[in-house]
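Here is what each chain is made of, one letter per residue.
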Amino acid sequence: MARKVVILDGYTDEPAGLGVPPYIDVYPRYIAGAVWSIDPDADLRYYTIDQVRKDVDSFVKEANSSDLTAIVAGVVVPGKYIGGEPISAEELKLLGRLLGNTFTVLAGPVARFGIGQEGGKIATSPEHFKSIFSAVVRGDPEEYVKQLLKEGEVRASEYAMRKDYSEVRRFAVLGAKIITQHPNFGYNLTVELETYRGCSRWISGGCSFCIEPLYGRPVQRNPEDVILEMRELYRLGARAFRLGRQSDILVYGSKELGEKELPRPNPEFIERFFQLARDAIEGSVLHVDNSNPAVIAKYPEESKKAMLAMIEYHTPGDILAFGLENLDEEVAEINNLNSNEEVAYEAVKAVNEVGLLRGDNGMPHLLPGLNFIIGLPGERKASFEKNISFLERIYEDGFAVRRINIRKVLVIPGTRLSVMWRREYLERNEEEAERFEWIVRHVYDVKFLKRILPRGTILRDLYVEKSSNGKTYARQLGTYPLLVELSGTFNRPCILDAEIIGYKGRSVKARPVGEKDCTHVMAGT
Ligand code: SF4
């Protein structure tokens, strides 16, 4: 008899990979692929934690009647999410205890590193879940599930890691159809795609706080496999894709990846890959995510060629996210960070030179996103001044950034930071950190938004996500999409165009224009 399997998506957020709605990460898809590779007739049901919260009893009944329930979770880089609320440690424990009649597998970053909803220490380590779940998978979830279904519980290893992507090739395509069960499918679902794992900086140990170097030498995925998966996802109905599962998209395909700390980009490879990707997902949104500013600063010509190739085939509104973390040289040295002010400046300049041009959806084609971390060892009051003077410098020199993220450090067991971090690092500069965040949100966010999106700019294809108190919040599809506030109540599904009329911190205010593709407009302007 075919097995019944339940996957609960508690959402994931890692340095290289996002799985909070409207995104679906690779974990549930690869697990589904592993299940269907062993048992093609398996009855596989996918739930998100937000669906479960609405009706816990039904979910528990459903899961307890299954042979296997896999829960994927783990927010390693905590953020604020408009599309969903990640599962908490308490919810995980509660659900684990309620699922007494099924084999429960806890997987994803929560099982590998633990869980922590906000900055500071990991609140709950994987050990806390060992007595609650049948298996806490420290290795690759799809590998464990495959072994479990094929060889049984005793032989399956919770630590099994894939050596390469040969099995992912099959699992990714087989598991793709799980997306059709996602609540955002057919609307704003955005599929996260993987091109490689690990960071080129593994050679030097990488940044003190980061989990990517722990994977060792980076292993690249065959580009044909990525395209094959995209084609299948597109065939099933996916219309928004993000190449977000890698530490630096510009060095995907580089012959030096794994050999050198700063690999030379391979623009010819990037051009061919993006061309094939575009062919596979005709008319869909295609965005990227992380990049290493030090690579761009070291190889500006190759990097710009690679960026131009991406721009040829991607969707405007794209972002290359730079983990600057802190531009104080002392902090950079202690934490082995990847850039300093000059490196960051050159990288911001290079992206602006090729990407600032506005695209047909109203957004500039490609801009940098800047990430800062608060609470790293070595941080001092002067560190924040350095970060602010950098923002002022790039603004004064006419450049733009699309978004600035600031987060408190999360200390993950196994990282170098975990042995040198003390809570006082977060506390001693609390006032300066708050002031820094205030200045960024009230001064630089607005300055940069005004520069890239002047009043009167029309933003196309905004997907309504939420309405409350007579206001509606909508975003385009893609990577870190800009939040747009509209007055009036528009119920989803609703896709509209809007003209920018004002600015509000990190978001813009706009009024709808032209034809509205909205089936349930209750009120509006
Ligand atoms: S550059 Fe640093 S933060 Fe980025 S993936 Fe590598 S080690 Fe992690």
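Position numbers for residues start from 1 in each chain and track the written sequence from start to end. Local features in this predicted model are restricted to residues of pLDDT 70 or higher, and side-chain atom pairs are both shown and tallied only at a pLDDT of 80 or more, whereas totals for entire chains, interfaces and linings draw on every residue. Think of the side-chain values as coming from all heavy atoms in the structure, minus any hydrogens and water.

Where an unreviewed UniProt entry is consulted, the chain appears under the name Radical SAM domain protein, with the organism given as Fervidicoccus fontis.

Draft legend 1. A look at the sheet that holds strand S17 (residues 403-408). If DSSP finds at least two bridges between two strands, the strands pair. Helix and strand definitions here come from DSSP, where helices need a minimum of 4 consecutive H or I residues and strands a minimum of 2 consecutive E residues; each element is numbered from the N-terminal end. Strand order across the open sheet formed by four strands is S14-S15-S16-S17, with parallel pairing between neighbours. Only two strands of the sheet have a single partner each, and these edge strands are strand S14 (290-291) and S17. Any two residues whose heavy atoms approach within 4.5 Å at even a single point are treated as in contact. Comment: axis = line fitted to C-alpha atoms, over the contacting stretch for helices; angle = value between 0 and 180 degrees taken between N-to-C directions. Lying on the sheet, helix H13 (residues 341-355) is in contact with strand S15 (318-325) and strand S16 (366-374); it crosses S16 at an angle near 155 degrees.

Draft legend 2. Just the UniProt feature "domain: Radical SAM core" (unreviewed entry) in the chain, in detail. UniProt positions are given in the numbering used here, feature names are shortened, and annotations may be inferred rather than shown by experiment. Mapped onto the present numbering, the UniProt feature "domain: Radical SAM core" (unreviewed entry) falls at residues 185-455. What you have in residues 185-455 is 43% helix and 17% strand, and the ends, taken at the C-alpha atoms, are 33 Å apart.

Draft legend 3. Inspection of the pairing of strand S20 (residues 471-475) at higher detail. As judged from the five bridges shared by strand S19 (residues 458-468) and S20, these two strands associate in the antiparallel manner. Directly across from Ser 467, in S20, lies its bridge partner Thr 472. In this antiparallel pair of consecutive strands, S19 and S20, the connection spans two residues, and Asn 469 shows a positive phi of 50 degrees. Two elements, S20 and strand S21 (residues 484-487), share four bridges in a ladder whose sense is antiparallel.

Draft legend 4. Molecular detail of the packing of aromatic side chains. Ring pairs are drawn from Phe, Tyr and Trp, using the six-membered ring of Trp, whenever the two centres fall within 6.5 Å, and their geometry is named by plane angle: stacked under 30 degrees, edge-to-face over 60, tilted for the rest. Counted according to the given criterion, the structure contains 14 aromatic pairs. Ring centres of Tyr 252 and Phe 269 lie 4.9 Å apart, and the angle between their planes is 90 degrees; on these two criteria the pair is classed as edge-to-face. Of this pair, Tyr 252 sits in the loop between strand S12 (240-245) and helix H9 (267-280) while Phe 269 sits in helix H9, placing them 17 residues apart in sequence. For the pair Tyr 252 and Phe 269, one class covers both residues: buried. Ring centres of Phe 273 and Phe 274 lie 5.6 Å apart, and the angle between their planes is 90 degrees; this geometry places the pair in the edge-to-face category. Summary of the burial criterion: residues with accessible area below 20% of their type's maximum are buried, those above 50% are exposed, and those between are partly exposed, where the area comes from a 1.4 Å probe applied to protein chains only. We classify Phe 274 as buried; its relative accessible area is 0%. In this structure an aromatic cluster arises from ring pairing among Tyr 196, Tyr 252, Phe 269, Phe 273 and Phe 274. Above the face of the Tyr 234 ring, Arg 239 is positioned so that its terminal group lies 3.8 Å from the ring centre. Geometrically, a charge over a ring is one whose NZ (Lys) or CZ (Arg) sits within 6 Å of the ring centre while staying within 35 degrees of the ring normal.

Draft legend 5. Highlighting the pattern of salt bridges. One side-chain nitrogen of Lys or Arg within 4 Å of one carboxyl oxygen of Asp or Glu is enough to make a salt bridge. Inspection of every chain in the model, using the stated rule, returns 45 salt bridges. A salt bridge links Asp 140 to Arg 162, with the shortest nitrogen-to-oxygen separation between them at 3.9 Å. Here Asp 140 is found in the loop between strand S8 (135-136) and helix H6 (141-151), whereas its partner Arg 162 is found in the loop between H6 and helix H7 (166-175), with 22 residues between them in sequence. Under the relative-accessibility criterion, Asp 140 is labelled buried at 1%. Across the pair Glu 329 and Lys 386 runs a salt bridge, and its minimum N-O distance is 3.6 Å. Taken as a pair, Glu 329 in helix H12 (residues 329-335) and Lys 386 in helix H14 (residues 381-396) lie far apart in primary sequence, 57 residues in all.

Draft legend 6. Spatial organisation of unusual backbone geometry. In this structure, Pro 22 follows Pro 21 across a cis peptide bond, with omega equal to 10 degrees. The linkage connecting Arg 492 with the following residue, Pro 493, adopts the cis geometry, with an omega of 5 degrees. For Pro 493, the location among the structural elements is in strand S22 (residues 490-504). For Glu 325, which is not a glycine, the phi torsion comes out positive at approximately 65 degrees.

Draft legend 7. The sheet that holds strand S3 (residues 23-24), seen in detail. Ordered by their spatial adjacency, four strands build an open sheet running S3-S9-S12-S13, and the pairing between neighbours is parallel. Strands at the two margins of the open sheet, each flanked by one partner only, are S3 and strand S13 (285-288). Of the strands in this sheet, strand S9 (190-194), S12 and S13 touch helix H8 (residues 223-236), which is tilted by about 165 degrees from S9. Most of the contacts of H9 go to S13, to which it runs at about 150 degrees, and overall it touches S12 and S13.

Draft legend 8. Examining H7 more closely. Of all the residues in H7, the buried ones are Val 168, Phe 171, Ala 172 and Gly 175. Buried positions in H7, seen along its axis, are confined to an arc of 100 degrees and lie on one side of it. On its buried face, H7 sits against helix H1 (26-38), H6 and H8. This arc is taken over the directions from the axis of the helix to the C-beta atoms.

Draft legend 9. Seen up close, the environment of Gln 476. Looking at where Gln 476 falls in the secondary structure, it is placed in the loop between S20 and S21. The class for Gln 476 is buried, based on a relative accessible area of 12%. The spacing of Gln 476 and Gly 317 is 159 residues in sequence and 8.7 Å in space, taken between C-alpha atoms. One polar contact links the side chain of Gln 476 to the main-chain carbonyl oxygen of Arg 460, over a distance of 2.8 Å. Between N or O atoms, a polar contact is any pair within 3.5 Å; within protein, one atom must be a potential hydrogen donor and the other a potential acceptor, and residues adjacent in sequence are included only when both atoms are from side chains.

Draft legend 10. Region of the structure containing the site of the ligand. If a single non-hydrogen atom of a residue is within 4 Å of a molecule or strand, that residue counts as near it. Near the ligand the following residues occur: Cys 199, Arg 201, Gly 206, Cys 207, Phe 209, Cys 210, Glu 212, Pro 213, Ser 247 and Asn 338. Grouping the constituent residues of the shell around the ligand by class yields five nonpolar, three polar and two charged. Residues are grouped as follows: Ala, Val, Leu, Ile, Met, Phe, Trp, Tyr, Cys and Pro are nonpolar; Asp, Glu, Lys and Arg are charged; all remaining types, including Gly, are polar.

Draft legend 11. Fine view of the environment of Val 446. Position of Val 446 relative to the elements: it lies in helix H17 (residues 430-452). Given the relative accessible area of 18%, Val 446 is considered buried. Sequence-wise, Val 446 and Arg 506 are 60 residues apart; in three dimensions their C-alpha atoms are separated by 6.9 Å. Setting aside chain neighbours within four positions, we find Val 446 in contact with Arg 441, Tyr 503 and Gly 505.

Draft legend 12. Spatial organisation of the packing of H1 against H6. At a minimum axis separation of 8 Å, H1 and H6 run at an interaxial angle of 20 degrees. In terms of orientation, H1 lies roughly parallel with respect to H6. Considering only the axes of H1 and H6, their crossing is right-handed. On H6, the residues touching Tyr 27, Tyr 30, Ile 31, Ala 34, Val 35 and Ile 38 of H1 are Pro 141, Glu 142, Val 145, Lys 146, Leu 149 and Lys 150. Residues of the contact of H1 with H6, tallied by class, amount to nine nonpolar, no polar and three charged. Throughout this description, any angle smaller than 35 degrees is read as roughly parallel, any larger than 145 degrees as roughly antiparallel, any in the 65 to 115 degree range as roughly perpendicular, and the remainder as oblique. Take the far helix as your reference; a near helix turned counterclockwise from it by less than a right angle gives a left-handed crossing, and one turned clockwise gives a right-handed crossing.

Draft legend 13. Expanded view of the pairing of strand S6 (residues 103-107). Of all five residues that make up S6, five are buried, and the element is covered over most of its length. Side chains of S6 alternate between two faces, with Phe 103, Val 105 and Ala 107 and Thr 104 and Leu 106 buried alike. Here strand S5 (residues 68-75) runs beside S6; their pairing, made up of five bridges, is parallel. By the bridge assignment, Leu 68 is partnered in S6 with Phe 103.

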